[in-house]
Amino acid sequence: VGDFVIAIDGPSGTGKSTVARRVAAALHAGYLDTGAIYRTATLAVLRAGIDPDDAAAVAAVVTGLTLDPPVDPERQRHLFHGDDVSTELRGQAVTTAVTPVSANPAVRAHLLAVQQRLAHSGRMVVEGRDIGTVVAPDAALKIYLTADAHERARRRLRQDEQLAVVSTGVTGANPDRAARLAAVASDLDRRDTSDSSRAVAPLQAAADAVLVDSSDLEPAETVRRVLGLAAERG
Ligand code: C5P
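Residues numbered from 1 in each chain as written. Predicted model: local features only at pLDDT ≥ 70, side-chain atom pairs only at ≥ 80, totals over all residues. Heavy atoms only, no water.

## Looking at the UniProt feature "binding site: ATP" (unreviewed entry) in the chain
Part 1 of the reasoning: Those places that UniProt annotates as "binding site: ATP" (unreviewed entry) correspond, in this numbering, to Gly10, Pro11, Ser12, Gly13, Thr14, Gly15, Lys16, Ser17 and Thr18.
Part 2 of the reasoning: Mapping glycine 13 onto the fold places it in the loop between strand 1 (4–9) and helix 1 (16–26).
Part 3 of the reasoning: Looking at glycine 13, the relative accessible area reads 8%, which means it is buried.
Part 4 of the reasoning: Contact partners of glycine 13, with chain neighbours within four places excluded, come to Arg152, Arg155 and Arg156.
Part 5 of the reasoning: If you trace the backbone, glycine 15 turns up in the loop between strand 1 and helix 1.
Part 6 of the reasoning: Setting aside residues no more than four positions away along its own chain, glycine 15 makes contact with Leu145 and Arg155. (UniProt positions renumbered as here; feature names shortened; annotations may be inferred. Helix = DSSP H or I, 4+ residues; strand = E, 2+ residues; numbered from the N terminus. Buried < 20%, exposed > 50% of the residue type's maximum accessible area, 1.4 Å probe, protein only. Contact = heavy atoms within 4.5 Å.)

## Notes on the sheet that holds strand 2 (residues 30–33)
Part 1 of the reasoning: Read from one edge to the other, the open sheet built from five strands follows the order 2-5-1-6-7, with strand pairing classed as parallel. Two strands lie at the open edges of the sheet, namely strand 2 and strand 7 (210–213), each paired on one side alone. Sheet twist, expressed as the mean angle between neighbouring strand axes with direction ignored, is 20 degrees.
Part 2 of the reasoning: By the bridge criterion, four bridges tie strand 6 (residues 141–146) to strand 7 in an arrangement that is parallel. By the bridge assignment for strand 7, isoleucine 143 is matched with valine 210.
Part 3 of the reasoning: This element, helix 1, spans strand 1, strand 2, strand 5 (123–128) and strand 6 of the sheet and lies at about 180 degrees to strand 5.
Part 4 of the reasoning: Along the sheet, helix 6 (residues 105–119) contacts strand 1, strand 2 and strand 5; its crossing angle with strand 5, the most-contacted strand, is approximately 150 degrees. (Pairing = 2+ DSSP bridges. Axes fitted to C-alpha atoms, helices over the stretch in contact; angles between N-to-C directions.)

## Let's talk about the site of the ligand
Part 1 of the reasoning: Residues in close proximity to the ligand total 14 residues, the closest being Arg39, Arg108, Asp130, Asp195 and Arg198.
Part 2 of the reasoning: Within the side chain of arginine 108, one N or O atom sits 2.7 Å away from an oxygen atom of the ligand.
Part 3 of the reasoning: Within the contact set of the ligand, an oxygen atom lies 2.6 Å away from a side-chain nitrogen or oxygen of aspartate 195.
Part 4 of the reasoning: Against a free-state accessible area of 460 Å², the protein chains account for coverage of 98% of the ligand.
Part 5 of the reasoning: Those elements giving two or more residues to the shell around the ligand turn out to be helix 2 (34–47), helix 5 (92–102) and helix 9 (177–197).
Part 6 of the reasoning: At four residues, helix 2 tops the list of elements feeding residues into the shell around the ligand.
Part 7 of the reasoning: Classifying every residue of the shell around the ligand gives two nonpolar, four polar and eight charged. (Near = heavy atom within 4 Å. Polar contact = N/O pair within 3.5 Å; in protein donor to acceptor, adjacent residues only side chain to side chain. Areas by Shrake-Rupley, 256 points an atom, 1.4 Å probe, with all protein chains shown as cover. Nonpolar A, V, L, I, M, F, W, Y, C, P; charged D, E, K, R; others polar.)

Structure follows, in structure tokens:
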């Protein structure tokens, strides 16, 4: 059985993770959440007490990491030194620090090797920002998932609420939902602007990616569309 990679890229809050996981499960394929790999590396930096903007120190910590991310779409437990850190990876500290860590060229080079090894380990759905352009430019199918900014903020806030993590950027006691939504929207904008403008592997659609706008689609409908495109590519 040869490799069959489906690359799903796009900005934050488009529903990439939900869609990618469901597509992988439907195809009995593996699922690789590359954002979680960058988040785990960021957690290592924070645990080491290093300033995420100190490029040399960050590179030294991350290039020493051996990462073994989960690939089962039904069972996504992210471990760090044997502890399940899945919830902490979604928290405010990591979400803020992941931007400079993931813009670090030495970090990207080290994590690229991990991602490419797993991406080519069979049938895989790989989700991130640079999968179609850098990690798996030979992917059988490339999807670039978008959604309008307001809808993305709503989705990310709902996801944060379900995970019971404190939404990034929110300060003060008991902010109301509108304030939390505004904080999430501004954090998404901060990350997307930075992800799109960094020098190495910026967020961008591959020339041969299929653009899917999920603003008005239920996740099940987006999944159906991706599965239809996958079936066409064999
Ligand atoms: O997808 P998620 O929000 O978990 O990604 C967290 C961060 O990791 C992104 O904002 C981006 O800075 C970085 N990332 C990346 N390249 C990828 C996946 C994620 O730079 N392929």
